[in-house]
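# A structural walkthrough
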Amino acid sequence: VVTARASQLCGFAKRLLAPGETIRLIIPIPRESLEQWDLSMERRLVPGRIAWSVCDGGEKLLEGEFEV
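The written sequence of each chain sets the order in which its residues are numbered from 1. Local features in this predicted model are restricted to residues whose pLDDT is 70 or higher, and side-chain atom pairs enter the listing and the counts only when it is 80 or higher, whereas totals over whole chains, interfaces and linings include all residues. Computation of side-chain values: all heavy atoms of the structure, hydrogens and water removed.

### Here we look at the layout of surface pockets
Here is the rule we go by: Both cavities and pockets are sets of points on a 1 Å grid over the protein atoms alone; in a cavity a 1.4 Å probe fits but cannot get out, in a pocket the set is open with protein on both sides within 12 Å along at least five of seven lines, and lining residues sit with an atom within 4 Å of a point. Grid points are joined across faces, edges and corners, and a volume is the space filled by probe spheres set on the points. By the criteria applied, helices consist of DSSP H or I runs no shorter than four residues and strands consist of E runs no shorter than two, each listed in order from the N terminus. Throughout this entry, Asp, Glu, Lys and Arg are counted as charged residues, while Ala, Val, Leu, Ile, Met, Phe, Trp, Tyr, Cys and Pro are counted as nonpolar. The remaining residues, Gly among them, count as polar.
One number sums up the size of the largest pocket: a volume of about 1500 Å³. Gly-11, Trp-52, Ser-53, Val-54 and Cys-55 are, among the 38 residues lining the largest pocket, the residues nearest its centre. If you list the elements that add at least two residues to the lining of the largest pocket, you get helix 1 (31-34), strand 3 (49-56) and strand 4 (59-67). Examining the composition of the lining of the largest pocket, we find that eight residues originate from one element, strand 3, more than from any other. Among the residues making up the lining of the largest pocket, the classes are represented as 22 nonpolar, eight polar and eight charged.

### A few points about the pattern of salt bridges
So the rule is basically this: In the sections that follow, a salt bridge refers to a side-chain nitrogen of Lys or Arg positioned within 4 Å of a carboxyl oxygen of Asp or Glu. Partly exposed residues are those whose accessible area sits between 20% and 50% of the maximum for their type, while under 20% is buried and over 50% is exposed, using a 1.4 Å probe and protein chains only.
On inspection of all chains with the given rule, the structure shows six salt bridges. Where Arg-49 meets Glu-67, a salt bridge forms, and the shortest distance between an N and an O atom there is 3.8 Å. Remark: Glu-67 occurs in strand 4 and Arg-49 occurs in strand 3; sequence separation between them is 18 residues. Ionic pairing is found between Lys-60 and Glu-63, a salt bridge with its closest N-O pair at 3.4 Å. Of the two residues examined, Lys-60 and Glu-63, each falls in the exposed class. One network of salt bridges, with partners in common, ties together Arg-31, Glu-35 and Arg-43.

### Some thoughts on the confidence of the model for the chain
Parts of the prediction with low pLDDT should not have their coordinates interpreted in detail. Keep this limit in mind: Note on scores: pLDDT gives the predictor's confidence for each residue, bounded by 0 and 100.
Per-residue confidence for the chain averages 85 on the pLDDT scale, and 93% of its residues sit at or above 70. The element-level mean pLDDT for the chain is lowest in strand 1 (residues 36-37), coming to 84, with strand 4 highest at 89.

### Details of unusual backbone geometry
The general pattern is negative phi for most residues beyond glycine and trans for most peptide bonds. Backbone geometry at Met-41 places phi at a positive 60°, although glycine is not the residue there. Within the secondary structure, Met-41 is located in the loop between strand 1 and strand 2 (43-44).

### Observations regarding the environment of Arg-31
The test is simple: Side-chain atoms alone can form a polar contact between residues adjacent in sequence; in general such a contact is a pair of N or O atoms within 3.5 Å, and within protein one must be able to donate a hydrogen while the other accepts it.
Following the sequence through the fold, Arg-31 ends up in helix 1. Owing to a relative accessible area of 48%, Arg-31 belongs among the partly exposed residues under this scheme. Placed 37 residues apart in sequence, Arg-31 and Val-68 show a C-alpha to C-alpha distance of 11 Å. Of the polar contacts made by the side chain of Arg-31, one reaches the side chain of Glu-35; its length is 3.1 Å.

### Here's the deal with the state of the cysteines
Put plainly, two cysteines are in a disulfide when a covalent bond ties their sulfur atoms together. The cut-off we apply is this: When two cysteine sulfur atoms lie within 2.5 Å, the pair is treated as a disulfide.
Tallied over the entire structure, the rule returns zero disulfides. Cys-10 carries a free sulfur, and the closest cysteine sulfur to it, the one in Cys-55, is 12 Å from it.

Have a look at this one:
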């Protein structure tokens, strides 16, 4: 059994936008950020759903999930 963290910062970018301005922003997430320690004390990528969110000062602006 492997217990995952409740939440973790995996990527970060700061952009200031003018009112009404939109941009496309890509934040790479390294594989190592998604790996966990297993019971054998080895890091591995555990299959399952991973929820993500984009926040501004703690306020969620976007959220979704993907499958590993």
